[in-house]
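Overview (structure and organization)
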Amino acid sequence: LGVRRVTTFEFNRLTYEHQQIKTVQYNSTVDIIKAAQFSESNASDMLHSFDYAFSLSSFNHDGLGRYNEPVCADADLVSTRLVKRLLKPGGILFLSVPVGRDALIWNTLRVS
């Protein structure tokens, strides 16, 4: 497919390695907020560096504590802003989210 590298942003420690996959691990929602502001962040060197981003039912889980991260009501919005700043101008975000009545299913996911 011509992909030179893939970068993942994770709360969980991944159990695999690949020479073309770089993982940026966040230990907390606070780390994501710092990254979104590009203050004290390992994401600042990646500003506007991605052609594409994929979020497959992930933003709707952010900040709910399900993955041992601190609870943060706006974590989904913060993560979305971070991706916007990481994409190159004209970059494309492929996004999937659950669709239905607006709801918060504690501590699993948000539906909108």
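Scroll up a little and you will see the structure.
The rules behind the values
- Residues numbered from 1 in each chain as written.
- Predicted model: local features only at pLDDT ≥ 70, side-chain atom pairs only at ≥ 80, totals over all residues.
- Heavy atoms only, no water.
- Core = buried A, V, L, I, M, F, W, Y, C linked by side-chain atoms within 4.5 Å.
- Buried < 20%, exposed > 50% of the residue type's maximum accessible area, 1.4 Å probe, protein only.
- Helix = DSSP H or I, 4+ residues; strand = E, 2+ residues; numbered from the N terminus.
- Contact = heavy atoms within 4.5 Å.
- Salt bridge = Lys/Arg side-chain N within 4 Å of Asp/Glu carboxyl O.
- Phe/Tyr/Trp six-rings, centres within 6.5 Å; stacked < 30°, edge-to-face > 60°.

Let's talk about the nonpolar core
Soluble globular proteins tend to pack their nonpolar side chains together in the buried interior. In this structure, F11, V24, Y26, M46, F50, A53, F59, L82, V83, L86 and L87 together form the largest nonpolar core, which totals 11 residues. Elements supplying a minimum of two residues to this core: strand 3 (50-56) and helix 2 (75-86). When residues in this core are grouped by element, the largest group, 3 residues, is from helix 2. Look past the residues within four positions of L87 in its chain and what remains in contact with it is H48, F50, D51, Y52, A53, I92 and L93.

Observations regarding the pattern of salt bridges
One pass over the structure, following the stated rule, counts 2 salt bridges. A salt bridge links D51 to K88; the shortest N-O distance between them is 3.1 Å. Of this pair, D51 sits in strand 3 while K88 sits in strand 4 (residues 87-96), placing them 37 residues apart in sequence. D76 is the partner of R110 in a salt bridge, and the nearest nitrogen-oxygen pair spans 3.6 Å. Residue R110 is located in strand 6 (residues 109-111), and its partner D76 is located in helix 2; the two are separated by 34 residues in the primary sequence.

Considering the packing of aromatic side chains
One pass over the full model with this rule turns up 3 aromatic pairs. Where Y52 meets F94, the ring centres are 6.1 Å apart and the plane angle is 35°; that geometry is what we call tilted. Here Y52 is found in strand 3, whereas its partner F94 is found in strand 4, with 42 residues between them in sequence. Ring pairing ties together the aromatic residues Y52, F54 and F94, which thus form one cluster.

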